[in-house]
Amino acid sequence: MGATVEPIVADPAELSAALTRAASVVESALDALLPPEEGAEARLATSMRYATLGGGKRMRAFLVMEGAALFSVSETCAARVAASIEMLHAYSLVHDDLPAMDNDDLRRGKPTTHRAFDEATAILAGDALQARAFEVLAEPDTHSDPQARCELVAALGAAAGARGMAGGQMIDMLAEGQTLDGPAVTRLQALKTGRLIQFSAEAGAILGRAAPMQRHLLAAYGRDLGAAFQIADDLLDAEGSAEETGKRTGKDQEAGKATMVAVLGIARARQQADMLAQQAAAHLDGFGERAALLRALASFVVARRN
Ligand code: IPE
Ligand code: IPE
Ligand code: MG
Ligand code: MG
Ligand code: MG
């Protein structure tokens, strides 16, 4: 006699409320953790705050906060890690938008940092945001156990570096105007986007000193979620508008970017994103009801319009 297992579905309104709440918690943490605007270097602090505060979906922050809640980690510790990943992510966007990279002038519905300030300031804002992200992780308030802080620093370093986000950005730049096949685009996207999302999903398990298997499941969820997320970003570039996304669209094709839309076309890219989102959610089945919002996030990521 097998009992039927009902799929656990979270109410979309509940997810939306939880995303808004995580965004507000991380906004306060960022405001407190970013340097004050004073001294001869005040322009740098102003640009860092411009690039980081008051915008973005804060999905990486939400992943940290929800993952940490699975292991009953204090919200103040989780918020510091959430702020740290959002600083690192903001740095990646500031540099991604530079003329030498994607050359964009609109981000989160306002002028990109190099447009609002200048290129040198934007480069330095990215540098300093990256440094501050690691500094925050290493500070004692992030976790009472130095081993946990070291693991966070090592994991974020691996996710952001040459075999992570920066490496993926290198492949992205080299691939402009080239024809990459599906597996090559999958790897590019796993590095440039997937690794930071994987870190965000895993961070709660590091903070909560979770068993290796639990951390492994969250990492697997993050990898598939990240892959689905970047395909959705490619689809939004192809089909969305600047009003919806807060950034200029239609640019990937113009720049000859290696995207999943370029390889598969719109319809098959969407199928691939949906499949990856389902696969992501399935990794968390064993966590039951407590991971319902994280599972629901996978559907949100592929259906989003911004
Ligand atoms: C944009 O990330 C860059 C990608 C990795 C596709 P997000 O879509 O998460 O950007 P914000 O933080 O919401 O602005
Ligand atoms: C950016 O990918 C990924 C990063 C590491 C910042 P995209 O170049 O597609 O991101 P958007 O579309 O500019 O946000
Ligand atoms: Mg780019
Ligand atoms: Mg870009
Ligand atoms: Mg894009």
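As a starting point, this report considers the structure included with it. These numbers were taken from a predicted model, which means no experiment stands behind them. (Residues numbered from 1 in each chain as written. Chains lettered and ligands numbered in written order. Predicted model: local features only at pLDDT ≥ 70, side-chain atom pairs only at ≥ 80, totals over all residues. Heavy atoms only, no water.)

With that settled, consider the overall build of the protein. The secondary structure content of the protein amounts to 15 helices and two strands. Against the globule reference of 19 Å for 306 residues, the protein gives a C-alpha radius of gyration of 19 Å, in line with a compact fold. Along the first, second and third principal axes, the C-alpha set of the protein runs to 70 × 50 × 35 Å. Counting across all 306 residues of the protein, residues that qualify as buried make up 52%. Surface exposure of the protein reaches about 13,600 Å², of which carbon and sulfur atoms provide 55%. (Helix = DSSP H or I, 4+ residues; strand = E, 2+ residues; numbered from the N terminus. Rg over C-alpha atoms; globule rule 2.2 N^0.38 Å. Buried < 20%, exposed > 50% of the residue type's maximum accessible area, 1.4 Å probe, protein only. Areas by Shrake-Rupley, 256 points an atom, 1.4 Å probe, with all protein chains shown as cover.)

With a phi close to 60°, Arg 58 is a non-glycine residue in the positive phi region. Here Arg 58 lies in the loop between helix 2 (42–52) and helix 3 (59–70). On the basis of relative accessibility, which here comes to 3%, the residue Arg 58 falls in the buried class.

A few words now on the site of ligand 1. Taken together, the neighbourhood of ligand 1 is formed by Gly 56, Lys 57, Arg 60, His 89, Leu 93, Arg 108, Thr 193, Phe 229, Gln 230, Asp 233, Lys 247 and Arg 304. Separating an oxygen atom of ligand 1 from a side-chain N or O atom of Arg 60 is a distance of 2.6 Å. His 89 places a side-chain nitrogen or oxygen 2.8 Å from an oxygen atom of ligand 1. Most atoms of ligand 1, that is more than half of them, are within 2 Å of grid points of the largest pocket. Secondary structure elements with two or more residues in the shell around ligand 1: helix 4 (75–96) and helix 10 (212–239). Ranked by the residues each element gives to the shell around ligand 1, the list is headed by helix 10, at three residues. Split by residue class, the shell around ligand 1 holds two nonpolar, four polar and six charged. (Near = heavy atom within 4 Å. Polar contact = N/O pair within 3.5 Å; in protein donor to acceptor, adjacent residues only side chain to side chain. 1 Å grid on protein atoms, 1.4 Å probe; cavity = no way out; pocket = protein on both sides within 12 Å on 5 of 7 lines; lining within 4 Å. Sits in = over half its atoms within 2 Å of the grid points. Nonpolar A, V, L, I, M, F, W, Y, C, P; charged D, E, K, R; others polar.)

With that out of the way, let us pick up the coordination of the magnesium ion (ligand 3). Protein-derived ligands of the magnesium ion (ligand 3) are Asp 96 (OD) and Asp 102 (OD), with the metal-ligand distances lying across 2.1 to 2.2 Å. The two metals, the magnesium ion (ligand 3) and the magnesium ion (ligand 4), are separated by 3.1 Å and share Asp 96 as a common coordinating residue. Take Asp 96: its relative accessible area is 12%, and that puts it in the buried class. On the basis of relative accessibility, which here comes to 18%, the residue Asp 102 falls in the buried class. (Donors = N, O, S within 2.8 Å, 3.2 Å for Na, K, Ca; no water.)

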